[in-house]
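Commentary on secondary and tertiary structure
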Amino acid sequence: MHSTRQTDVCIAIDFGTTFTGVAWMVPTGPDSRIHVLPGDPVAQKFPTILAKHEPGKWGSDCQNMYEEDKWRAFKMYLDQAQLRKAHECGVSWAPDSADRALRIAKDYLGHLYDHICRHLSASAFTIDQFEIDPFSHKSWGDCKIDFIFSVPTTWDWGQRAAFRDIVNKAGFGRERNHQIILGLTEAEAASVYALCMLQDGSFNKNDTILSIDMGGGTTDIAFVEVEALEPHKIKLLQQVKGVDSGSMWIDKDFERFAADELGGSKNAQLKRISHEMSQGNPFQHQKLRLGIPKQPNMLEIPIPRNGLCNIHGRNGEKTTITLPRRELERFFDSQFNKIAICTDDALNNFRDGVQKQVDHVVLSGGLGGSKYMLTELKDWISKKGPRWVNGATVHVCPKPQLAVVYGLLMNQRQNVLQTRIARVNIGVVEKEDNEKLPQGTEIHWLLRRGQKRTTGQEFSKTFVKSIKYKGNKLWNVEVFRSDNDSRYLPNTTGDGVESIGVLSIESTGRLRKRSMFMPTKVPYKVNLHIDAVGDYRVDISGEHVNSSTHLHPIQLHDM
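So, how was this worked out
Residue numbering note: each chain is counted from 1, following its sequence as written. Two thresholds apply to this predicted model, a pLDDT of at least 70 for residue-level local features and 80 or more for giving and counting side-chain atom pairs, whereas whole-chain, interface and lining totals are computed over all residues. As a rule here, side-chain values cover all heavy atoms of the structure and leave hydrogens and water aside. For helices the rule is a DSSP run of H or I covering at least 4 residues; for strands it is a run of E covering at least 2, with both sets numbered from the N terminus onward. Here the term buried applies to any residue with accessible area under 20% of the maximum for its type, exposed to any over 50%, and partly exposed to those in between, with areas from a 1.4 Å probe on protein chains only. By definition, residues are in contact when any of their heavy atoms lie within 4.5 Å. A fitted line through C-alpha atoms serves as each axis, taken over the contacting stretch for helices, and the angle formed by two N-to-C directions is quoted from 0 to 180°. Note on terminology: angles under 35 degrees are roughly parallel, angles over 145 are roughly antiparallel, angles of 65 to 115 are roughly perpendicular, and the others are oblique. Here is the rule for handedness: rotate from the far helix to the near one, and if that takes an anticlockwise turn smaller than a right angle the crossing is left-handed, while a clockwise turn gives right-handed. Three classes are used, and their members are as follows: Ala, Val, Leu, Ile, Met, Phe, Trp, Tyr, Cys and Pro are nonpolar, Asp, Glu, Lys and Arg are charged, and the others, Gly among them, are polar. A helix is expected to span 1.5 Å multiplied by its residue count minus one. Salt bridges are counted wherever a side-chain nitrogen of Lys or Arg sits within 4 Å of a carboxyl oxygen of Asp or Glu. Whether two strands pair comes down to DSSP finding at least two bridges between them. In protein, a polar contact means a hydrogen-donor-capable atom and an acceptor-capable atom, both N or O and within 3.5 Å, with residues adjacent in sequence counting only if both atoms are side-chain atoms; elsewhere, any N or O pair within 3.5 Å suffices.

The name given to the protein chain in an unreviewed UniProt entry is Hsp70 family protein, and the organism recorded there is Metarhizium robertsii.

A few words now on the overall build of the protein chain. Across its full length, the protein chain carries 10 helices and 28 strands. Looking at the protein chain residue by residue over its 559 residues, the buried ones come to 54%. Excluding contacts between residues fewer than 6 apart, the proportion of contacts in the protein chain whose partners are at least 24 apart in sequence is 70%.

This part covers the packing of helix α4 (residues 186-197) against helix α10 (residues 403-414). Packed helices, taken two at a time, are described by the angle their axes make and the gap between the axes. Closest axis-to-axis distance for the α4/α10 pair is 7 Å, and the angle between their directions is 75 degrees. Considering the angle they form, α4 stands roughly perpendicular to α10. Counted together, E186, A189, A190, V192, Y193, C196 and M197 of α4 and A403, V404, Y406, G407, L408, M410, N411 and Q414 of α10 form the full contact between these two elements.

Helix α7 (residues 281-289) packs onto helix α5 (residues 247-262) with a crossing angle of 125 degrees between their chain directions and a minimal axis gap of 12 Å. In terms of orientation, α5 lies oblique with respect to α7. Viewed along their axes, α5 and α7 form a crossing whose handedness is right-handed. Facing α5, whose interface residues are S247, I250, D251 and F254, α7 presents F283, Q284 and K287. The residue makeup of the contact of α5 with α7, split by class, is 3 nonpolar, 2 polar and 2 charged.

A rise of 1.5 Å per residue sets the reference length of helix α8 (residues 325-354), with its 30 residues, at 44 Å; its end C-alpha atoms lie 41 Å apart and thus fit the reference within 8%. Downstream of α8 by one or two residues, Q355 has phi in the positive range, about 55 degrees.

Its place among the elements puts T493 in the loop between β23 (474-482) and β24 (498-507). Those residues in contact with T493, other than ones at most four positions away along the chain, are P438, Q439, G440, T441, I443 and F480.

Within this structure, the stated rule accounts for 28 salt bridges. Measuring nitrogen to oxygen at the nearest pair gives 3.4 Å for the salt bridge that ties R326 to D333.

Of all 11 residues in strand β10 (residues 219-229), 8 are buried, a share of seventy percent or more. Here strand β9 (residues 208-214) runs beside β10; their pairing, made up of 7 bridges, is antiparallel. When the sheet's bridge partners are listed, L210 is paired in β10 with F223. Between the end of β9 and the start of β10, which pair antiparallel, lie 4 residues. What sits between β10 and strand β11 (residues 232-243) in their antiparallel hairpin is a turn of 2 residues.

Our next topic: the pairing of strand β12 (residues 298-302). Working note: regular strand, side chains alternate between the two faces of the sheet. Residue alternation in β12 divides its side chains into a buried set, L299 and I301, and an unburied set, M298, E300 and P302. Bridging between β12 and strand β15 (residues 320-324) involves 5 bridges; their strand directions are antiparallel. Residue pairing for β15: P302 is matched across the bridge by T320.

Turning to the environment of S370, a few remarks are in order. For S370, the location among the structural elements is in the loop between β16 (360-364) and α9 (371-384). Take S370: its relative accessible area is 8%, and that puts it in the buried class. In the structure, S370 is positioned 83 residues away from K287 in sequence and 8.3 Å away in space, judged by C-alpha atoms. Aside from chain neighbours lying at most four places away, what touches S370 is L290 and F332. Polar side-chain contacts of S370 include one of 3.2 Å to the backbone nitrogen of M373.

Structure, rendered in structure tokens:
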């Protein structure tokens, strides 16, 4: 990790369940504006879609294909629990295996990488400030580029590590001068964006913000406190939470409704047509309009022309189905209720741990920009939520669907979110060279889950190695991690504890010849560093020791 290097270009990527956002900036020089890479003309993002049978087709290229010929929502199936659940429920469009889900995500991200490369390389010469154009004197491969990805709150350590591997295989880590950064969660990034963009006196120092990012497949929640306004600084107050709720679940509810209306909830062809209707522009347009005044009570949704020949009403061929607006509201209410339950639980935990009022609620994400969801949330906060949120002011981020990519870049530029909360426990055990540790060996924990940590902070543990004269000058330190709640963290190796690497150590000092009963004492420190992008690194320091590692170096991505 080259955290001190001079980066030429930062590119933020919000890989979403339904859409993927991309933005970029030149972090230094007179022009550090954020540029959005154009995608869908409405969403300003790229549809997260991949063709099943036509290599090279992805995103908007797939919009006019039959639904059965494209992969959608595959991001959520990177979570194996979600994939198993889909298989148990008979979801026909879910990948047939975890390996297939990984390959689909890799192929999609590979197309996205190629598009970013072509677009930025070609458009760089049209930038207003030509003299700061990083591509005017360097090739794409020679430019020092940081690819910064948001990560869902619901992903655990293993899922984040697997995602980094997918991103690397897709090409983002291909060039020597390019590096991959797993940045903030969606809700954290939206908090950064809101603080930096809403400069109308909305926020004051020490204000508490509840950030809710309502996306396509998941909703992320974070609590932050404003530490400073000039420059902008916030700190995370509580571990972020997430729930599987978002706009795609509204689509699924409508799909079931349409199948029933067509009379074919168990007919494969009619189920295919209803799925196609749920993803078509007419229904998606009505979703966007919900909550806007003067929307009719009965909404007509056209049946795709390829399905008309088999669908008949009382007076011949049926061309539309009628969706009552109240039914569409019910679909939205189902998702809002899940978000409200998660938010209520998070607010109660927040009150127990932090004991503060919530001053602001910030909405972001595609669903977060919905007028209907905004109205429902305001009503819930003022009347139904816990009393410590009743007086909060609700803000919708400018360009809510792009809040995450903007927030990722703003944080990279200004390091707005410095204080975060550890989501994993890291510990170490000293052992002899090549020794296999028995279960029950004591672990020295350097960092505990739930512990606050800041950028640049170091956690250390000093050890003293006793070495006899002419004894072995080599030994190891094994590094362990655990996802357990720190209150129930085991003190020894065994269940719930995973080895993630070994550091090899050699004493370089002269061993004193006293007697066989007087070994030389060699002090050394095991250090856990947290760098500017939030990654952990474990190394060894000491006046008379050298160290190398089998993982070079040990990196722990605690996002």
